[in-house]
Amino acid sequence: MNILFIMYDQLRFDYLSCAGHPHLHTPNFDRVASMGVRFTEAYVQSPVCGSSRMSYYTGRYPSSHGAQWNGFPLRVGEVTLGDHLRKLGMNAWLLGKTHMNVDAEGMARLGLAADSVIGARQAECGFDAWIRDDGLWGQGPDGFYDRKRSPYNEYLKSKGYDGDNPWADYANASVDDDGNIASGWMFKNADKPANIREEDSETPWLTSETIRFVDQTEGPWLAHVSFIKPHWPYIVPAPYHDMFGPNHVPAAKRHPIEWDDPHPVYKAFMSNKIAAAFQQDEVRSKVIPAYMGLIKQCDDQLGRLLDHLEATGKLRDTMIVLTSDHGDYLGDHWLGEKDMFHAPSVKVPMIVYDPRPEADATRGTTCDALVEAIDLAATFVEAAGGEVPYHIIEGRSLLPWLHGETPDDWREVVISEYDYSVTPMREALGVPSDDARLFMVYDGRHKLIHAEGGFRPMLFDTATDPDEFRDLGDDPAQGEVIGKLYDHLATWGRRNAQRVTRSEADIAAMRGASAKKGILPFLVDGSEVPESWTETYRGRARQIHIKQEVREDG
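Predicted, not measured: the structure shown is a model, and the values here were computed from it. (Residues numbered from 1 in each chain as written. Predicted model: local features only at pLDDT ≥ 70, side-chain atom pairs only at ≥ 80, totals over all residues. Heavy atoms only, no water.)

A. Molecular detail of the overall build of the protein chain. Per the secondary structure count, the protein chain includes 20 helices and 17 strands. In terms of overall dimensions, the protein chain has a C-alpha envelope of 115 × 60 × 55 Å along the principal axes. A total of 554 residues make up the protein chain; the buried ones form 56% of that total. If you sum the accessible surface of the protein chain, you get close to 24,400 Å²; carbon and sulfur atoms cover 50% of it. Each charge sign in the protein chain was given a centre, from 57 positive and 84 negative side chains, and these centres are 4 Å apart. (Helix = DSSP H or I, 4+ residues; strand = E, 2+ residues; numbered from the N terminus. Buried < 20%, exposed > 50% of the residue type's maximum accessible area, 1.4 Å probe, protein only. Areas by Shrake-Rupley, 256 points an atom, 1.4 Å probe, with all protein chains shown as cover. Lys, Arg positive; Asp, Glu negative; His and termini not counted. Charge placed at Lys NZ, Arg CZ, Asp CG, Glu CD.)

Here is the structure:
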């Protein structure tokens, strides 16, 4: 069996028709949901691109793998999906975005050449790169945001698009009434069509690369197909630019009470420039239709890929996973982008199709178990026929849920983390970098957010307040609930996350092994252990040294 692991960047959990969106029809996402299981309570381990993705690729929490924000390198030695799967005879390929920075210093320390096989894999989160493009080719006074090579820009140039950066000039810009560039970086241009042929835009380009991969690569393989969209810049080519309008924009899920003595960390995020933009209705009325158009294009291209898999007979032996690295506030809770732990940011779509007969009973169903993004790493290892190394992978395999089983010991809470040390919000709050950290623990009803630095907690009761408007963190009546969630957080914090070189089986095999190898301390007379263990320490004593002394004395 092959695995098609598809990730969409910044796709909200509720912007799919199978998840109940009132205007956005996504028949191909729905098609996969009808073939498999849609997990309705899936959460990422960090609501920011880089850190979330490193958790997906390692199966470990951010505080375990250490890459806790964009640009933080994943340290050399972290075991990734590719490492696990190659041991099982399955190759792991990358197509699209990872947002990973290589640990160049660690590679130099170990003498790993960047152009070696192992060096290249270290630089690509353990994947073999079919085609990597992180998709943000913004350019400013200090140069490009991303200094790596852009295969997509090279493709555009091969199609006749001119300039050094057609990604910015064509794919993510329009043309104003005077013939000037109308950049997608400006929200006012979000309702304009991107200045590019639709078939040359980013999502169709990566879909074509994926089809080429499927046709040319022999299995078994895992292909991580990672689309940059519907991530900003919020601009989409015709005909998707005007499929939706202001009449399709839902009212923002925000409430004046959220400004009533807000938690200091929340206030800092509500007061940043991103939030200020999305607090304007005119911004939302342009951005959200473009965001919906980008998703509609993603859905159409997913249909193109599914049709190809079906026509080539590969759909019946390919596991398909659809998910996202985080969501997008789009003005909800007075916020834009991601970063915090309300559902629009930290909750993601997760749809899994397992083609094997064992999954027949669950096709077209939903599962409301508390699921973490790191569960996919465990799922892929087990699907590939391996035993999950739970001393390394901290997630849990989803195969029991896919196969109609209910694990007795499934998790009681989900955990997410956020390190905001490099953001303006840390400066606004005046906290040290070490204290610029947030933790979410959610039990399916109550959501606790702990902020380091001496702040009170935040607390939301999603049963009585499903939109998470009322922060109960300073309510004395919630003391028992807060204490219980802090107990869960403390238990999680004490997890044994760094003993990654010895499995439980290794440890069991080591018990008593030193005694069988002759290390026998603390014995009184030897009767405490089997005779065979002390055999080499019994028998007639040899005294050659005494005989030698007698000869030397004459």
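From this point, things continue past the structure.
B. Seen up close, the state of the cysteines. Evaluated as defined, the whole model comprises zero disulfides. We note that Cys-18 lacks a disulfide partner, and the nearest cysteine sulfur, in Cys-298, lies 14 Å from it. Here Cys-367 stays unpaired: no disulfide links it, and the sulfur of Cys-18, its closest cysteine neighbor, is 15 Å away. (Disulfide = S-S within 2.5 Å.)

C. Geometry of the pairing of strand S17 (residues 458-461). Side chains of S17 alternate between two faces, with Met-458 and Phe-460 and Leu-459 and Asp-461 buried alike. Note: strand S16 (residues 446-451) against S17, four bridges, orientation antiparallel. Within the sheet, the bridge partner assigned to Ile-449 lies in S17 and is Met-458. Between S16 and S17, which follow one another and run antiparallel, lie six residues, and Gly-453 among them has a positive phi close to 105°. (Pairing = 2+ DSSP bridges.)

D. Main features of the sheet that holds S17. Spatially, four strands are ordered S14-S15-S16-S17 in an open sheet, and the strand pairing comes out antiparallel. Looking at which strands have only one partner, the edges of the open sheet turn out to be strand S14 (414-419) and S17. Strand-to-strand twist in this sheet, taken as the mean axis angle between neighbours without regard to direction, amounts to 15°. Where strand S15 (residues 437-442) lies against S16, five bridges are found, and the strand directions are antiparallel. Note on S16: the bridge partner recorded for Met-440 is Ile-449. Against the sheet, helix H17 (residues 479-493) touches S14, S15, S16 and S17, its axis set at about 65° to S16. (Axes fitted to C-alpha atoms, helices over the stretch in contact; angles between N-to-C directions. Contact = heavy atoms within 4.5 Å.)

E. Structural context of the pairing of S15. With respect to burial, S15 is a largely interior element, five of its six residues being buried. Inspection of the sheet shows S14 paired to S15 by six bridges, in the antiparallel sense. In the sheet register, Glu-417 faces S15, and the bridge partner there is Phe-439. Where S15 folds back on S16, the antiparallel hairpin that results is connected by three residues, among which Gly-444 adopts a positive phi of roughly 100°.

F. Main features of the side chain of Thr-423. Looking at the secondary structure, you find Thr-423 in the loop between S14 and helix H16 (424-429). Polar side-chain contacts of Thr-423 include one of 2.8 Å to the backbone oxygen of Tyr-420. (Polar contact = N/O pair within 3.5 Å; in protein donor to acceptor, adjacent residues only side chain to side chain.)

G. Structural view of helix H7 (residues 151-158). Among the residues making up H7, those that are buried are Pro-151, Tyr-152, Asn-153, Tyr-155 and Leu-156. On its buried side, H7 packs onto strand S4 (128-132), helix H8 (166-171) and helix H9 (202-216). A positive phi of about 100° marks Gly-160, the residue just after H7.

H. Local environment of the side chain of Arg-411. Along the chain, Arg-411 turns up in the loop between helix H15 (399-402) and S14. Relative accessible area serves as the criterion here: at 16%, Arg-411 is assigned to the buried category. Among the polar contacts made by the side chain of Arg-411, one reaches the main-chain carbonyl oxygen of Leu-370 at a distance of 3.0 Å. In terms of polar contacts, Arg-411 uses its side chain to reach the side chain of Glu-372, at 3.5 Å. Not counting residues within four places of it along the chain, the set of residues in contact with Arg-411 comprises Leu-370, Val-371, Glu-372, Asp-375, Gly-395 and Arg-396.

I. Fine view of the packing of helix H1 (residues 27-35) against helix H12 (residues 281-311). Where H1 contacts H12, the axes come no closer than 7 Å and their chain directions differ by 50°. It follows from the interaxial angle that H1 and H12 lie oblique. Between H1 and H12, the contacting residues are Pro-27, Asn-28, Phe-29, Arg-31 and Val-32 on the first element and Lys-296, Asp-299, Asp-300, Leu-302, Gly-303, Leu-306, Asp-307 and Glu-310 on the second. The residue makeup of the contact of H1 with H12, split by class, is five nonpolar, two polar and six charged. (Parallel < 35°, antiparallel > 145°, perpendicular 65-115°, else oblique. Nonpolar A, V, L, I, M, F, W, Y, C, P; charged D, E, K, R; others polar.)

J. Expanded view of helix H14 (residues 375-383). For H14, a buried count of eight out of nine residues is recorded, marking the element as mostly surrounded by other parts of the structure. Looking one or two residues beyond H14, the residue adopting positive phi is Gly-385, at roughly 95°.

K. Region of interest: the pattern of salt bridges. All told, the structure shown has 34 salt bridges when counted by the stated rule. In this structure, Glu-209 and Arg-212 form a salt bridge, with 2.6 Å as the shortest nitrogen-oxygen distance. Of this pair, Glu-209 and Arg-212 both sit in helix H9, three residues apart, which is roughly one turn of that helix. Of the residues examined, Arg-212 reaches a relative accessible area of 34% and is grouped as partly exposed. A salt bridge links Glu-337 to Lys-338; its shortest N-O distance comes to 2.9 Å. Since its relative accessible area comes to 11%, Glu-337 is described here as buried. In this structure Lys-338 comes out as buried when scored by relative accessible area, which is 5%. (Salt bridge = Lys/Arg side-chain N within 4 Å of Asp/Glu carboxyl O.)

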